[in-house]
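Structural features, examined
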Amino acid sequence: GQQLNQSPQSMFIQEGEDVSMNCTSSSIFNTWLWYKQEPGEGPVLLIALYKAGELTSNGRLTAQFGITRKDSFLNISASIPSDVGIYFCAGQPQGSQGNLIFGKGTKLSVKP
Amino acid sequence: DAGVTQSPTHLIKTRGQHVTLRCSPISGHKSVSWYQQVLGQGPQFIFQYYEKEERGRGNFPDRFSARQFPNYSSELNVNALLLGDSALYLCASSLGGAKNIQYFGAGTRLSVL
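Residues numbered from 1 in each chain as written. Chains lettered and ligands numbered in written order. Predicted model: local features only at pLDDT ≥ 70, side-chain atom pairs only at ≥ 80, totals over all residues. Heavy atoms only, no water.

Some words on the overall build of chain B
Within chain B, the regular secondary structure consists of zero helices and eleven strands. Each helix and strand of chain B, placed in order from N terminus to C terminus, yields the pattern β-β-β-β-β-β-β-β-β-β-β. By the compact-globule yardstick of 13 Å for 113 residues, chain B fits well, its C-alpha radius of gyration being 13 Å. Its C-alpha atoms give chain B principal-axis dimensions of roughly 40 × 25 × 25 Å. Of the contacts made within chain B by residues no fewer than 6 positions apart, 53% connect residues no fewer than 24 positions apart. When the accessible surface of chain B is split by element, carbon and sulfur atoms take 52% of a total near 5,400 Å². Charge-centre separation for chain B: the mean point of 11 positive side chains lies 4 Å from the mean point of 7 negative side chains. (Helix = DSSP H or I, 4+ residues; strand = E, 2+ residues; numbered from the N terminus. Rg over C-alpha atoms; globule rule 2.2 N^0.38 Å. Contact = heavy atoms within 4.5 Å. Areas by Shrake-Rupley, 256 points an atom, 1.4 Å probe, with all protein chains shown as cover. Lys, Arg positive; Asp, Glu negative; His and termini not counted. Charge placed at Lys NZ, Arg CZ, Asp CG, Glu CD.)

With respect to the interface of chain A and chain B
On the side of chain B, 20 residues touch chain A, which itself brings 22 residues to the contact. Our count for the chain A to chain B interface comes out at zero salt bridges. For the pair chain A and chain B, the number of links is three residue pairs in polar contact (both at pLDDT 80 or more). Secondary structure elements with two or more residues in the side of chain A that touches chain B: strand S4 (29–37), strand S5 (44–49) and strand S9 (85–93) of chain A. When residues in the side of chain A that touches chain B are grouped by element, the largest group, three residues, is from S4(A). Partitioned by chemical class, the residues of the side of chain A that touches chain B number nine nonpolar, eleven polar and two charged. (Salt bridge = Lys/Arg side-chain N within 4 Å of Asp/Glu carboxyl O. Polar contact = N/O pair within 3.5 Å; in protein donor to acceptor, adjacent residues only side chain to side chain. Nonpolar A, V, L, I, M, F, W, Y, C, P; charged D, E, K, R; others polar.)

Comments concerning the sheet that holds strand S8 (residues 71–76) of chain A
Residues and elements named next belong to chain A. Read across the open sheet, the five strands follow the order S1-S3-S8-S7-S6; overall the sheet is antiparallel. Strand pairing shows two members of the sheet lacking a second neighbour, strand S1 (5–7) and strand S6 (55–58), which therefore form its edges. Adjacent strand axes in the sheet meet at a mean angle of 15 degrees when their direction is disregarded. In this structure, strand S3 (residues 19–24) lies alongside S8, joined through six bridges in antiparallel fashion. Bridge pairing in S8 links Cys23 to Ser72. (Pairing = 2+ DSSP bridges. Axes fitted to C-alpha atoms, helices over the stretch in contact; angles between N-to-C directions.)

Considerations on the environment of Thr24(A)
Residue and element names in this part refer to chain A. Here Thr24 is to be found in strand S3. For Thr24, a relative accessible area of 32% corresponds to the partly exposed category. Along the backbone, Thr24 and Lys70 are 46 residues apart, and their C-alpha atoms lie at a distance of 5.8 Å. Residues in contact with Thr24, not counting those within four places in the same chain, are Leu4, Asn5, Lys70 and Asp71. (Buried < 20%, exposed > 50% of the residue type's maximum accessible area, 1.4 Å probe, protein only.)

Observations concerning the sheet that holds strand S7 (residues 64–68) of chain B
Residue and element names in this part refer to chain B. With antiparallel pairing, the four strands of this open sheet are ordered in space as S1-S3-S8-S7. This sheet does not close on itself; its edge strands, each paired only once, are strand S1 (5–7) and S7. Each strand axis lies, on average, 15 degrees off the axis of its neighbour in the sheet, ignoring direction. Examined bridge by bridge, S1 and strand S3 (residues 19–24) share three bridges and lie antiparallel to one another. Paired with Thr5 across the two strands is Ser24, which belongs to S3.

Here it is in C-alpha coordinates:
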(Lines give C-alpha, C1' and ligand atoms only; values in the text may rest on other atoms or scores of the structure.)
Protein backbone atom coordinates (compact mmCIF):
# COMPACT_ATOMS: atom_id res chain seq x y z
CA GLY A 1 0.00 0.00 0.00
CA GLN A 2 0.93 3.66 -0.33
CA GLN A 3 3.16 5.08 2.38
CA LEU A 4 4.89 8.36 2.95
CA ASN A 5 8.69 8.64 2.90
CA GLN A 6 9.65 9.17 6.54
CA SER A 7 13.21 9.63 7.77
CA PRO A 8 15.25 8.78 9.63
CA GLN A 9 14.12 5.22 10.26
CA SER A 10 15.63 5.25 13.74
CA MET A 11 17.51 7.58 16.05
CA PHE A 12 19.65 6.96 19.13
CA ILE A 13 20.21 10.16 21.08
CA GLN A 14 21.37 11.38 24.45
CA GLU A 15 18.90 12.87 26.88
CA GLY A 16 18.74 16.63 26.39
CA GLU A 17 19.48 16.56 22.66
CA ASP A 18 17.13 17.94 20.04
CA VAL A 19 15.52 15.63 17.46
CA SER A 20 14.29 16.28 13.94
CA MET A 21 12.38 13.95 11.60
CA ASN A 22 10.54 14.56 8.36
CA CYS A 23 8.08 13.16 5.86
CA THR A 24 7.75 13.67 2.14
CA SER A 25 5.17 12.72 -0.44
CA SER A 26 4.94 12.81 -4.21
CA SER A 27 1.39 14.13 -3.98
CA ILE A 28 -0.33 17.05 -2.28
CA PHE A 29 -1.85 16.66 1.16
CA ASN A 30 -4.61 18.69 2.82
CA THR A 31 -3.70 17.72 6.35
CA TRP A 32 -0.56 16.51 8.09
CA LEU A 33 -0.70 14.74 11.43
CA TRP A 34 2.03 13.50 13.74
CA TYR A 35 1.40 10.52 16.04
CA LYS A 36 3.46 8.68 18.65
CA GLN A 37 3.02 4.96 19.28
CA GLU A 38 4.32 3.02 22.27
CA PRO A 39 4.43 -0.78 22.58
CA GLY A 40 1.01 -2.36 22.95
CA GLU A 41 -0.84 0.86 22.26
CA GLY A 42 -2.44 2.66 19.37
CA PRO A 43 -1.02 5.86 17.87
CA VAL A 44 -1.57 8.96 19.99
CA LEU A 45 -2.06 12.29 18.21
CA LEU A 46 0.67 14.86 18.90
CA ILE A 47 0.12 17.68 16.41
CA ALA A 48 -2.31 18.43 13.56
CA LEU A 49 -1.52 20.81 10.67
CA TYR A 50 -4.06 22.16 8.18
CA LYS A 51 -2.46 24.93 6.10
CA ALA A 52 0.67 25.18 3.99
CA GLY A 53 3.40 26.93 5.96
CA GLU A 54 1.65 26.38 9.30
CA LEU A 55 3.99 26.01 12.26
CA THR A 56 2.45 24.52 15.42
CA SER A 57 3.89 23.68 18.83
CA ASN A 58 2.81 21.30 21.56
CA GLY A 59 5.13 21.71 24.53
CA ARG A 60 8.62 20.62 23.41
CA LEU A 61 7.26 19.47 20.05
CA THR A 62 7.10 21.67 16.96
CA ALA A 63 5.81 20.64 13.54
CA GLN A 64 5.46 22.41 10.22
CA PHE A 65 3.30 21.88 7.12
CA GLY A 66 5.59 22.37 4.11
CA ILE A 67 4.75 25.19 1.71
CA THR A 68 4.63 22.77 -1.24
CA ARG A 69 2.04 20.73 0.75
CA LYS A 70 4.15 17.65 0.04
CA ASP A 71 6.20 17.53 3.23
CA SER A 72 6.23 18.07 6.97
CA PHE A 73 8.76 17.94 9.78
CA LEU A 74 8.62 17.32 13.53
CA ASN A 75 11.17 18.65 16.01
CA ILE A 76 11.51 17.57 19.62
CA SER A 77 13.61 19.82 21.82
CA ALA A 78 15.53 18.79 24.94
CA SER A 79 14.56 15.11 24.70
CA ILE A 80 13.75 13.12 27.83
CA PRO A 81 13.55 9.34 28.38
CA SER A 82 9.74 9.29 28.07
CA ASP A 83 10.06 10.53 24.48
CA VAL A 84 11.01 6.97 23.54
CA GLY A 85 8.62 5.46 21.02
CA ILE A 86 7.81 5.33 17.32
CA TYR A 87 6.75 8.58 15.67
CA PHE A 88 4.53 8.44 12.59
CA CYS A 89 3.62 11.13 10.14
CA ALA A 90 0.23 10.81 8.47
CA GLY A 91 -1.39 12.82 5.74
CA GLN A 92 -4.81 13.17 4.19
CA PRO A 93 -4.39 13.26 0.40
CA GLN A 94 -6.07 16.02 -1.59
CA GLY A 95 -9.43 14.80 -2.82
CA SER A 96 -9.66 11.89 -0.40
CA GLN A 97 -12.70 11.20 1.74
CA GLY A 98 -10.70 11.13 4.94
CA ASN A 99 -8.39 8.14 4.82
CA LEU A 100 -4.90 8.74 6.19
CA ILE A 101 -1.63 7.68 4.56
CA PHE A 102 1.11 6.88 7.09
CA GLY A 103 4.88 6.89 7.01
CA LYS A 104 6.87 3.86 8.16
CA GLY A 105 7.77 5.56 11.40
CA THR A 106 10.86 6.87 13.17
CA LYS A 107 11.95 4.82 16.17
CA LEU A 108 13.41 7.09 18.84
CA SER A 109 15.67 5.81 21.60
CA VAL A 110 16.89 8.16 24.34
CA LYS A 111 19.86 7.37 26.57
CA PRO A 112 19.61 8.88 30.07
CA ASP B 1 -14.31 10.31 29.00
CA ALA B 2 -13.78 6.96 27.31
CA GLY B 3 -11.57 6.92 24.26
CA VAL B 4 -11.87 4.52 21.36
CA THR B 5 -12.37 1.00 22.68
CA GLN B 6 -11.62 -2.16 20.75
CA SER B 7 -12.32 -5.79 21.50
CA PRO B 8 -10.88 -8.28 21.84
CA THR B 9 -7.34 -7.13 22.62
CA HIS B 10 -5.75 -10.35 21.37
CA LEU B 11 -6.99 -13.12 19.13
CA ILE B 12 -5.49 -16.33 17.78
CA LYS B 13 -7.06 -17.98 14.74
CA THR B 14 -6.08 -20.64 12.22
CA ARG B 15 -5.94 -20.30 8.47
CA GLY B 16 -9.32 -20.41 6.77
CA GLN B 17 -11.27 -19.22 9.80
CA HIS B 18 -13.10 -15.93 9.98
CA VAL B 19 -12.83 -13.19 12.59
CA THR B 20 -14.93 -10.27 13.80
CA LEU B 21 -13.31 -7.29 15.47
CA ARG B 22 -15.30 -4.62 17.28
CA CYS B 23 -14.86 -0.92 17.88
CA SER B 24 -16.71 1.72 19.90
CA PRO B 25 -15.90 5.30 18.92
CA ILE B 26 -15.48 8.30 21.17
CA SER B 27 -18.88 9.62 22.25
CA GLY B 28 -20.15 12.09 19.66
CA HIS B 29 -17.92 10.82 16.86
CA LYS B 30 -19.82 9.65 13.80
CA SER B 31 -16.96 8.33 11.70
CA VAL B 32 -14.97 5.14 12.21
CA SER B 33 -11.93 4.03 10.23
CA TRP B 34 -10.09 0.72 10.26
CA TYR B 35 -6.36 0.25 9.68
CA GLN B 36 -4.05 -2.75 9.50
CA GLN B 37 -0.58 -2.39 11.01
CA VAL B 38 1.95 -5.06 10.18
CA LEU B 39 5.03 -5.25 12.42
CA GLY B 40 7.57 -2.60 11.50
CA GLN B 41 5.21 -0.65 9.23
CA GLY B 42 2.83 2.26 9.54
CA PRO B 43 -0.94 1.64 9.60
CA GLN B 44 -2.59 0.89 6.24
CA PHE B 45 -6.11 2.18 5.59
CA ILE B 46 -8.82 -0.49 5.17
CA PHE B 47 -12.23 1.21 5.50
CA GLN B 48 -13.89 4.40 6.62
CA TYR B 49 -17.54 4.67 7.63
CA TYR B 50 -19.52 7.83 8.29
CA GLU B 51 -23.14 7.84 9.41
CA LYS B 52 -23.35 4.11 8.65
CA GLU B 53 -22.27 4.57 5.03
CA GLU B 54 -18.96 3.39 3.59
CA ARG B 55 -16.99 6.49 2.73
CA GLY B 56 -13.73 4.93 1.61
CA ARG B 57 -12.04 1.62 1.02
CA GLY B 58 -8.35 0.84 0.84
CA ASN B 59 -6.56 -1.71 -1.30
CA PHE B 60 -7.66 -4.84 0.55
CA PRO B 61 -9.32 -7.99 -0.85
CA ASP B 62 -13.05 -8.68 -0.62
CA ARG B 63 -12.36 -11.02 2.30
CA PHE B 64 -12.35 -7.83 4.36
CA SER B 65 -15.70 -6.23 5.12
CA ALA B 66 -17.05 -3.85 7.70
CA ARG B 67 -20.20 -2.16 8.86
CA GLN B 68 -21.26 0.63 11.18
CA PHE B 69 -24.25 0.42 13.48
CA PRO B 70 -26.83 3.09 14.42
CA ASN B 71 -24.90 3.79 17.65
CA TYR B 72 -21.80 4.41 15.45
CA SER B 73 -19.92 1.36 16.73
CA SER B 74 -18.35 -0.76 14.03
CA GLU B 75 -17.29 -4.28 13.16
CA LEU B 76 -14.50 -5.43 10.88
CA ASN B 77 -14.89 -8.93 9.45
CA VAL B 78 -12.17 -10.94 7.77
CA ASN B 79 -13.02 -14.24 6.06
CA ALA B 80 -10.79 -17.11 4.95
CA LEU B 81 -7.89 -15.93 7.09
CA LEU B 82 -4.37 -16.13 5.70
CA LEU B 83 -1.08 -16.13 7.59
CA GLY B 84 -0.42 -12.67 6.15
CA ASP B 85 -3.48 -11.29 7.91
CA SER B 86 -1.56 -11.45 11.20
CA ALA B 87 -1.30 -7.83 12.32
CA LEU B 88 -2.49 -5.18 14.73
CA TYR B 89 -5.92 -3.94 13.64
CA LEU B 90 -6.56 -0.37 14.66
CA CYS B 91 -9.82 1.49 14.84
CA ALA B 92 -9.93 5.27 14.74
CA SER B 93 -12.85 7.58 15.32
CA SER B 94 -13.39 11.16 14.22
CA LEU B 95 -16.14 13.74 14.04
CA GLY B 96 -16.16 13.30 10.27
CA GLY B 97 -15.95 16.97 9.37
CA ALA B 98 -13.39 18.85 7.30
CA LYS B 99 -10.71 18.66 10.02
CA ASN B 100 -10.58 14.90 10.05
CA ILE B 101 -8.57 14.30 13.21
CA GLN B 102 -8.59 10.59 13.88
CA TYR B 103 -8.16 9.19 17.38
CA PHE B 104 -6.99 5.61 17.67
CA GLY B 105 -7.83 2.74 19.96
CA ALA B 106 -5.22 0.36 21.35
CA GLY B 107 -5.95 -2.17 18.63
CA THR B 108 -6.66 -5.89 18.35
CA ARG B 109 -3.60 -8.10 17.89
CA LEU B 110 -4.60 -10.91 15.48
CA SER B 111 -2.35 -13.93 15.08
CA VAL B 112 -3.15 -16.42 12.32
CA LEU B 113 -1.49 -19.82 12.69
